[in-house]
Structure formats: structure tokens, C-alpha cells
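Summary of structural features
One letter stands for each residue in the lines below.
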Amino acid sequence: MRNKKYLFTGLMVLLLCGSFVSCSKDNDDDKNSEYTEFASLFQKTDYYVNNLSSYGSGGVKSSDSSDGKYTVSIIGRLIIVKKNYSSGATYSRIKEALEYHYKGNTKVKDVFLNNGGTVTIDCRN
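Below or above, wherever it landed, is the structure these notes cover. Keep in mind the model is a prediction, meaning the values are calculated, not measured. (Residues numbered from 1 in each chain as written. Predicted model: local features only at pLDDT ≥ 70, side-chain atom pairs only at ≥ 80, totals over all residues. Heavy atoms only, no water.)

**What about the side chain of Ser 65?**
Basically, it comes down to this: Elements are defined by DSSP. Helices are runs of H or I of four residues or more, strands are runs of E of two residues or more, and each kind is numbered from the N terminus. Contacts are residue-level and defined by heavy atoms, with any inter-residue pair within 4.5 Å sufficient.
Note that Ser 65 resides in the loop between strand 1 (60-64) and strand 2 (70-75). Every residue in contact with Ser 65, bar those within four places of it in the chain, is listed here: Ser 40, Leu 41, Lys 44 and Tyr 70.

Below is the structure:
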């Protein structure tokens, strides 16, 4: 009888611990949802980052994001992001979002602000 009592208590403790763990939020999810406004920008820059080898060095190409808020240009292995008039985000926020999005991506060496007011994704070796 005593073993059943300990077994029941143990199971209750496990269930209680499991419910606490399953309800916890991951900080990455919070940060990721913070940058949802940049989804179309990420889609466009991902396309260029993943297809760098097809442009080679010296290649120049430019296109707008699907929402029309950003113009993304590729010059060699540098990807330049320029916000259009419809974008309300600041360049520092765009830089922050791109840094977060590309952290851990070995193709991207750096993300930085230019003096001219654009953001550059550096993919040079």
C-alpha cells in the first residue's frame, strides 16, 4: 500500500513538472515574432545569399521585396538593402533584424550600416 502512495506522489510530481516545462516560452520565439514585419525582406535576401555562386564576382542585380518596402541589390558578394518610402522601419532596426536572421549562417560574414543610409550584408570570403 505504501509503495502505491509513493508511486502516485511521484507521478503527480512528474506531471506537475511536465506542465511547467511545456508552458515555458523560448526567447528565440519572442525575438523571431518581433521581426515578422521583415518576412518579405528575409525572403529576398535569402534568395540572394543562397544563390551567390550563380552571380559570380562583378555581377549586379537589383529587385524589390514582395511587399515593395525594400530594394535589394547584389554587387559581387555584397548585398545592399535600401528601404523604400513605404517602409516605416529605421535602418538600425533593419540591420538588427538581418543580424538576428543571419546569425549562425556561415555564408554571411557581417551585416553593417553604410554611411549613405543603407544596410549591407557582407558575404565575402
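Once you've had a look at it, read on.
**Observations concerning the packing of helix 3 (residues 39-50) against helix 5 (residues 91-102)**
When two helices pack together, their arrangement is captured by the angle between the axes and the distance separating the axes. Where we set the bar: The axes used here are C-alpha line fits, helices contributing only the stretch in contact, and every angle between their N-to-C directions lies in the interval 0 to 180 degrees. Working definition: roughly parallel below 35 degrees, roughly antiparallel above 145 degrees, roughly perpendicular at 65 to 115 degrees, and oblique for all remaining angles. Note on convention: near helix rotated counterclockwise from far helix by under a right angle means a left-handed crossing. Clockwise means right-handed. Residues are grouped as follows: Ala, Val, Leu, Ile, Met, Phe, Trp, Tyr, Cys and Pro are nonpolar; Asp, Glu, Lys and Arg are charged; all remaining types, including Gly, are polar.
Relative to each other, helix 3 and helix 5 sit at 55 degrees, their axes nearing to 11 Å. By the angle between their directions, the pair helix 3 and helix 5 is classed as oblique. In this structure, the crossing between helix 3 and helix 5 has a hand that is right-handed. Every residue of helix 5 that contacts helix 3 at Leu 41, Phe 42, Thr 45, Asp 46 and Val 49 is listed here: Ile 94, Ala 97, Leu 98, His 101 and Tyr 102. Of the residues contributing to the contact of helix 3 with helix 5, the split by class is seven nonpolar, two polar and one charged.

**Looking at the sheet that holds strand 3 (residues 78-83)**
Worth spelling out the cut-off: One requirement defines pairing of two strands: DSSP has to find at least two bridges between them.
An order of 1-2-3-5-4 is seen for the five strands of this open sheet, with the pairing classed as antiparallel. Both outer strands of the open sheet, strand 1 and strand 4 (110-113), are each paired with one neighbouring strand and no more. Strand after strand, the sheet turns through a mean of 20 degrees between neighbouring axes, direction not considered. Across five bridges, the pairing between strand 1 and strand 2 is antiparallel. Its bridge partner being in strand 2, Asp 64 is matched across the sheet by Thr 71. Contacting strand 1, strand 2, strand 3 and strand 5 (119-122), helix 3 crosses the sheet at an angle of about 10 degrees to strand 2. Across the sheet, helix 5 touches strand 2, strand 3, strand 4 and strand 5, and the angle it forms with strand 4 is around 180 degrees.

On their own, these measurements won't tell you what the molecule is for.
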